[in-house]
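Survey of secondary and tertiary structure
Here is how the chains run, residue by residue.
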Amino acid sequence: MIRIFKESDLVDVTQIWLDTNIKAHDFIQKEYWINNLEIVKEAFLKAEMYVHEDDDTNQIDGFIGLLDNYIAGLFVQECSQSKGIGKQLLDYVKNIRTNLSLSVYKKNIRAVHFYQREQFQIRAENNDENVNEREITMIWEI
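We now turn to the structure provided with this report. The model shown is predicted, which means the values in this text are computed figures rather than measured ones. (Residues numbered from 1 in each chain as written. Predicted model: local features only at pLDDT ≥ 70, side-chain atom pairs only at ≥ 80, totals over all residues. Heavy atoms only, no water.)

**With respect to the overall build of the chain**
Within the chain, the secondary structure is distributed over five helices and seven strands. Across the chain, helices and strands are ordered from the amino to the carboxyl terminus as β-α-α-α-β-β-β-α-β-α-β-β. The C-alpha atoms of the chain give 14 Å as radius of gyration, which agrees with the globular expectation for 142 residues (14 Å, within 12%). Taking the principal axes of the C-alpha coordinates as reference, the chain spans close to 40 × 40 × 30 Å. Across the 142 residues of the chain, 44% fall into the buried class. Sequence separation of 24 or more characterises 58% of the internal contacts of the chain that already satisfy a separation of 6 or more. Of the accessible surface of the chain, which amounts to about 8,300 Å², a share of 47% is contributed by carbon and sulfur atoms. For the chain, the distance from the average site of its 16 positive side-chain charges to the average site of its 24 negative ones is 4 Å. (Helix = DSSP H or I, 4+ residues; strand = E, 2+ residues; numbered from the N terminus. Rg over C-alpha atoms; globule rule 2.2 N^0.38 Å. Buried < 20%, exposed > 50% of the residue type's maximum accessible area, 1.4 Å probe, protein only. Contact = heavy atoms within 4.5 Å. Areas by Shrake-Rupley, 256 points an atom, 1.4 Å probe, with all protein chains shown as cover. Lys, Arg positive; Asp, Glu negative; His and termini not counted. Charge placed at Lys NZ, Arg CZ, Asp CG, Glu CD.)

Laid out in structure tokens, this is it:
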């Protein structure tokens, strides 16, 4: 089930964000994610967020965050990946937007391929000065 984020979801969502970033971005030091955790928590409370709950356990296993038409993050906990949850979350926001954009690290090949499969097109590439890694900007339009 997909529903709107509630403040009481913050602990679960934050843990998914941290664990998934550390795992998916092994080319970035773990401390970077840990050091940005408090800033991200504040951003979660300001973003338009949707969570996916497992139908059997009612536990949050993924979420997507939007800032207008920008996907600030799409995360699915590791044990729930490759089960269609990310696609469900993405399809949900595609139904309420006519265009979307996002940034993804070039080395996160799994994510790049996922977004390409979901009809996102690469529009630009730049360097994320915070971590000195190449970042790809992708867009989707109806």
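Moving on from the model shown.
**Comments concerning the pairing of strand E3 (residues 60-67)**
Most of E3 sits inside the fold, with seven of its eight residues counted as buried. Across six bridges, the pairing between strand E2 (residues 48-53) and E3 is antiparallel. If you follow methionine 49 over to E3, its bridge partner there is glycine 65. Linkage of E2 to E3, two consecutive antiparallel strands, is achieved through a turn of six residues, within which asparagine 58 is found at a positive phi near 60 degrees. Bridge count for E3 against strand E4 (residues 70-76) is six bridges, and the pairing is antiparallel. (Pairing = 2+ DSSP bridges.)

**Focus: the pairing of E2**
Within E2, five of the six residues are buried, which leaves the element mostly enclosed by the surrounding structure. Of the strand pairs in this sheet, strand E1 (residues 2-4) and E2 are connected by three bridges, and their pairing is antiparallel. Bridge assignment links isoleucine 2 to a residue of E2, and that residue is histidine 52.

Everything listed here is a matter of geometry and, on its own, says nothing about what the molecule does.
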